[in-house]
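# Observations on the three-dimensional arrangement
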Amino acid sequence: MAEQLSLAAVRGALIREEDSIVFALIERARRPRNAPAYYAPDAGTDDGRSLAEFFVREAEALHAKTGHYEKPEDVPFFPQDLPSPLFPIKGYPKVLHPFASSVSVNDAIWKMYFNELLPLFTVDGDDGYYAETVALDFACLKALSRRIHYGKYVAEVKFKDAPQDYSPLIHAKGTDALMNLLTFKAVEEKVKKRVEKKARIFGQNVTLEDGVDKHEGSADDSECKVNPKVLSELYDRWVMPLTKDVEVEYLLRRLD
Ligand SMILES: O=C(O)C(=O)C[C@]1(C(=O)O)C=C[C@@H](O)C=C1
């Protein structure tokens, strides 16, 4: 993201992220809930962290060494003490306010994912594949976080397109007024319909048997790998509201 910053381009990037989120959820849904991966163990890691937390911390440290988390949309869940990149990294055009890098709603994403979302799209059960499970969780968390933190770019474009509308609200710290100004209900309805449709298309079983194939998008919801309604609910209740929180948080500091 960055070069040609326009609302259409940023919305295009958000649409592409939907694919990553739908696929990540479909992959995680292959495994049952596997609750022991989320308990703080009595033994094991010495600081009482669950396997899931341990995995994300270690994975983020590795990713940081390879140069990840340099861009404002890539936000670590555990930013404390992340190692520096070990290889040369290419700079990227800085189109956002420098404050952008410190805007993070990852704590809310973490709680939402483990407490609310997981039970909606995984079946109860324990197959013992904990290591695979937490790697799949990490993929889901990363895709959700990146999509939501793209809100920084959305906010920048909206500000640049209408500074005369945004500036007085920013000066007045009008959080609710900013939220109203940046909200487009009609766009949100389309987003929800599209992610539901993607879950229906990406999550159907594809066969080559005559007469068995359904036209794309027409699979029954019960046959889909993730219930398509879960995707529209995820976006309605969490992804879009958190994206808007990112937008507001960014805008409040835009004129500093
Ligand atoms: O497309 C926008 O204008 C956005 O701000 C993004 C988004 C979203 O999260 O998808 C959030 C708020 C708007 O009401 C519509 C959509």
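For the structure, see preceding data.
Residues numbered from 1 in each chain as written. Predicted model: local features only at pLDDT ≥ 70, side-chain atom pairs only at ≥ 80, totals over all residues. Heavy atoms only, no water.

## Section: the overall build of the chain
Counting secondary structure elements, the chain contains nine helices and zero strands. Starting at the N terminus and ending at the C terminus, the chain contains elements arranged as α-α-α-α-α-α-α-α-α. Over its C-alpha atoms, taken along the principal directions, the chain stretches across nearly 55 × 50 × 35 Å. Considering the chain as a whole, with its 256 residues, one finds that 45% of them fall into the buried category. At a minimum sequence separation of 6, the contacts of the chain that also span at least 24 residues come to 76%. (Helix = DSSP H or I, 4+ residues; strand = E, 2+ residues; numbered from the N terminus. Buried < 20%, exposed > 50% of the residue type's maximum accessible area, 1.4 Å probe, protein only. Contact = heavy atoms within 4.5 Å.)

## Details of the layout of surface pockets
Quantified by volume, the largest pocket comes out at close to 350 Å³. What lines the largest pocket is a set of 20 residues, and nearest its centre among them are Arg11, Leu14, Arg147, Val187 and Val191. Elements with a minimum of two residues in the lining of the largest pocket: helix H1 (7-28), helix H5 (151-161), helix H8 (185-202) and helix H9 (228-252). In terms of residue class, the lining of the largest pocket is built from nine nonpolar, two polar and nine charged. Computed from the structure, the second largest pocket encloses a volume of approximately 260 Å³. Residue lining of the second largest pocket: 18 residues in total, with Val75, Pro76, Pro79, Ser101 and Ser104 positioned closest to the centre. Of the residues contributing to the lining of the second largest pocket, the split by class is nine nonpolar, four polar and five charged. (1 Å grid on protein atoms, 1.4 Å probe; cavity = no way out; pocket = protein on both sides within 12 Å on 5 of 7 lines; lining within 4 Å. Points joined across faces, edges and corners; volume = space filled by probe spheres on them. Nonpolar A, V, L, I, M, F, W, Y, C, P; charged D, E, K, R; others polar.)

## Considering the packing of helix H3 (residues 106-121) against helix H4 (residues 130-149)
Contact pair H3 / H4: the axes reach a minimum separation of 10 Å and the direction vectors enclose 130°. Between H3 and H4, the crossing angle belongs to the class labelled oblique. Between H3 and H4 lies a crossing of right-handed hand. Here Asn106, Ile109, Trp110, Met112, Tyr113, Phe114, Leu117 and Leu118 of H3 come into contact with H4, specifically with Asp137, Cys140, Leu141, Leu144, Ser145, Ile148 and His149. (Axes fitted to C-alpha atoms, helices over the stretch in contact; angles between N-to-C directions. Parallel < 35°, antiparallel > 145°, perpendicular 65-115°, else oblique. Left-handed = near helix turned anticlockwise from the far one by under 90°.)

## Some points on unusual backbone geometry
Although it is not a glycine, Tyr69 adopts a positive phi angle of roughly 70°. Topologically, Tyr69 is positioned in the loop between helix H2 (51-65) and H3. Phi at Lys173 takes a positive value of approximately 50°, unusual for a residue other than glycine. Structurally, Lys173 can be placed in the loop between helix H6 (163-171) and helix H7 (175-182). For Lys173, a relative accessible area of 59% corresponds to the exposed category.

## Notes on the pattern of salt bridges
Overall, the coordinates contain 26 salt bridges when judged by the stated rule. With a closest N to O distance of 3.9 Å, Asp19 and Arg16 form a salt bridge. With Asp19 and Arg16 both in helix H1 and three residues apart, this pair spans about one turn of that helix. In this structure Asp19 comes out as buried when scored by relative accessible area, which is 19%. Across the salt bridge formed by Glu156 and Lys160, the nearest N and O atoms sit 2.7 Å from each other. (Salt bridge = Lys/Arg side-chain N within 4 Å of Asp/Glu carboxyl O.)

## Let's talk about the environment of Leu252
As for its position among the elements, Leu252 is in helix H9. Taking C-alpha positions, Leu252 is 22 Å from Leu14, a pair spaced 238 residues apart along the chain. For Leu252, the residues in contact, after removing those within four places along its chain, are Ile170, Lys173, Thr175 and Leu178.

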